[in-house]
Amino acid sequence: MKKKQSSIGQWLVSGVVVVLAIAVGVFIWRKATQAGGEPAPAATATTATTGTGPAAASTAIQHPIAQATPAPASTAPLPALDASDTDVAGALLALGGKPLDGLLQRDQIIRRFVATVDALPRQSVGTNILPLKTPQGAFLVEQAEGSITLSPRNAERYAPYMQVLEGVDPKALVGWYVAHYPLFQQAYRDLGYPKGYFNDRLVVAIDDMLAAPVPDAPVTLVQPKVFYRYADPGLEARSAGQKLLMRLGADDEARVKAKLRQIRALLTGATLPAGAASTP
């Protein structure tokens, strides 16, 4: 079987929900390439993270932050949102450990995370808003007898992100998020949802990703023009978050979903069913 390194197309190569930004529950990234391997042009991060989306249709709060796991007691005032990057980066590196250093984008961290979470249940996520840097190396496909399939070797590229995921203490992470929630709520309103509630949107994004199917291996792709797509129209029609998660492979997808279930339970004050943290 011949292996081919893809340098064409705007193929979303991976989605690791490295919980909570890792600041809240879902980390995701996209690798964009054009013919010749040059990055596709993108709008500025400021434009992407302060875009004017439609205001939330309902003002009823479904998952009030007061129901989440209690935050650590602290009398320290929160920094201003636009001056919070140093504080947020330091906290996340303490929570995510050394593997996160070098992966985290250090500017507009909360705004990036909020914009990414908001986009996950939709059809696309802009590369310029991601809170993590994209994986190293080229996206790999395999070709044989006219068929293109996703190479299982791509999992090697996601190993650093999965290492961060495995090292995260969900309770400590959600506790930090609860303590800093006003900053996330402000960023969500600035994004174009003056009546929206960010914790509700985060739970929607998590639920959407938990609903992602596990594709049968090997995953068949097509390349009708420049971009790779799933050959199965049902998979191609899935949300950006689900498609990103499916590209991790069955084992890593199950590990991410297990962590997300723990995070969701803490965010909503729910009781996690026995065994739910370890089953896909």
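Analysis parameters
- Residues numbered from 1 in each chain as written.
- Predicted model: local features only at pLDDT ≥ 70, side-chain atom pairs only at ≥ 80, totals over all residues.
- Heavy atoms only, no water.
- Phe/Tyr/Trp six-rings, centres within 6.5 Å; stacked < 30°, edge-to-face > 60°.
- Helix = DSSP H or I, 4+ residues; strand = E, 2+ residues; numbered from the N terminus.
- Buried < 20%, exposed > 50% of the residue type's maximum accessible area, 1.4 Å probe, protein only.
- Axes fitted to C-alpha atoms, helices over the stretch in contact; angles between N-to-C directions.
- Left-handed = near helix turned anticlockwise from the far one by under 90°.
- Contact = heavy atoms within 4.5 Å.
- Nonpolar A, V, L, I, M, F, W, Y, C, P; charged D, E, K, R; others polar.
- Polar contact = N/O pair within 3.5 Å; in protein donor to acceptor, adjacent residues only side chain to side chain.
- Salt bridge = Lys/Arg side-chain N within 4 Å of Asp/Glu carboxyl O.
- Parallel < 35°, antiparallel > 145°, perpendicular 65-115°, else oblique.
- Core = buried A, V, L, I, M, F, W, Y, C linked by side-chain atoms within 4.5 Å.
- Pairing = 2+ DSSP bridges.

Asks: Teacher, can you tell me more about the packing of aromatic side chains here?
Replies: Aromatic ring pairs are reported here in terms of the distance separating the ring centres and the angle at which the planes meet. Inspection of every chain in the model, using the stated rule, returns nine aromatic pairs. Summarising the aromatic geometry, the rings of Tyr 181 and Tyr 197 are spaced 5.5 Å apart at their centres and angled 50° between planes, so their arrangement reads as tilted. Placement of Tyr 181 in helix H6 (residues 181-190) and of Tyr 197 in the loop between H6 and helix H7 (198-210) is noted, with a sequence separation of 16 residues between them. For Tyr 181, a relative accessible area of 5% translates into the label buried. Tyr 197 gets classed as buried once you look at its relative accessible area, which sits at 16%. A ring pair is formed by Phe 184 and Phe 198, whose centres lie 6.0 Å apart and whose planes are at 15°; its orientation type is stacked. Separated by 14 residues along the polypeptide, Phe 184 in helix H6 and Phe 198 in helix H7 bring together distant segments of the chain. Classification of Phe 184 as buried rests on a relative accessible area of 0%. Note on Phe 198: relative accessible area 0%, which makes it buried.

Asks: Hey, could you run me through the packing of helix H3 (residues 109-119) against H6 in this one?
Replies: For any two helices packed against each other, the geometry comes down to the angle between their axes and how far apart the axes lie. In the contact formed by H3 and H6, the axes pass within 9 Å of each other and the chain directions differ by 60°. Crossing of H3 over H6 shows right-handed handedness. Between H3 and H6, the contacting residues are Ile 110, Arg 111, Phe 113, Val 114 and Asp 118 on the first element and Leu 183, Phe 184, Ala 187, Tyr 188 and Asp 190 on the second. Each residue belonging to the contact of H3 with H6 can be placed in one class, and the counts come to seven nonpolar, no polar and three charged.

Asks: Just checking my understanding: could you explain the side chain of Ser 84 for this structure?
Replies: On the secondary structure map, Ser 84 appears in the loop between helix H1 (45-49) and helix H2 (85-96). At 2.7 Å, the side chain of Ser 84 and the backbone oxygen of Leu 81 are in polar contact. In this structure Ser 84 touches Pro 79, Ile 110 and Leu 183, once residues within four positions along its chain are discounted.

Asks: Can you walk me through the environment of Leu 267 in this structure?
Replies: Locating Leu 267 in the fold gives a position in helix H10 (residues 250-268). Beyond its immediate sequence surroundings of up to four residues, Leu 267 is in contact with Gln 67, Ala 68, Val 174, Tyr 177, Asn 199, Leu 202 and Ile 206.

Asks: Sorry if this is basic, but what is going on with the environment of Ala 179 here?
Replies: Inspection of the secondary structure puts Ala 179 in helix H5 (residues 170-179). What Ala 179 contacts, discounting residues up to four positions off in sequence, is Ala 71 and Leu 78.

Asks: Quick question: what am I supposed to make of the pattern of salt bridges here?
Replies: Opposite charge on two side chains lets them pair, provided their charged atoms get close. The tally for this structure, following the rule as stated, stands at eleven salt bridges. With a closest N to O distance of 2.9 Å, Glu 253 and Lys 257 form a salt bridge. Of this pair, Glu 253 and Lys 257 both sit in helix H10, four residues apart, roughly one helical turn. Comparing Glu 253 with Lys 257 shows no difference in burial state: the two are buried. Here the salt bridges share partners, and the residues they tie into one network are Asp 82, Arg 111 and Asp 190.

Asks: Explain the packing of H6 against H7 here, please?
Replies: Following both chains from N to C, one finds H6 and H7 inclined at 85°, their axes separated by 9 Å at the closest point. One way to sum up the angle between H6 and H7 is to call them roughly perpendicular. Contacts from Tyr 181, Phe 184, Gln 185 and Tyr 188 of H6 reach H7 at Phe 198, Asn 199 and Arg 201. Its residues assigned to classes, the contact of H6 with H7 shows four nonpolar, two polar and one charged.

Asks: Even after reading the chapter, I still don't get the nonpolar core, so can you show me in this structure?
Replies: Ranked by size, the top nonpolar core spans 66 residues in total, and within it Tyr 177, Phe 184, Phe 198 and Leu 221 carry the most contacts. Broken down by element, this core gets its largest block of residues, seven residues, from H3.

Asks: I keep staring at the pairing of strand S3 (residues 147-150) and nothing clicks. Help me out?
Replies: Within a regular beta strand, the side chains point alternately toward one face of the sheet and then the other, so they alternate between its two faces. The pairing of strand S2 (residues 139-144) with S3 spans four bridges and is antiparallel. Note on S3: the bridge partner recorded for Gln 143 is Ile 148. Hairpin geometry of S2 and S3 is characterised by an intervening segment of two residues between the two adjacent antiparallel strands and by a positive phi of about 50° at Glu 145. Pairing between S3 and strand S4 (residues 220-222): two bridges, direction antiparallel. Looking across to S4, one finds that Thr 149 is bridged to Thr 220.

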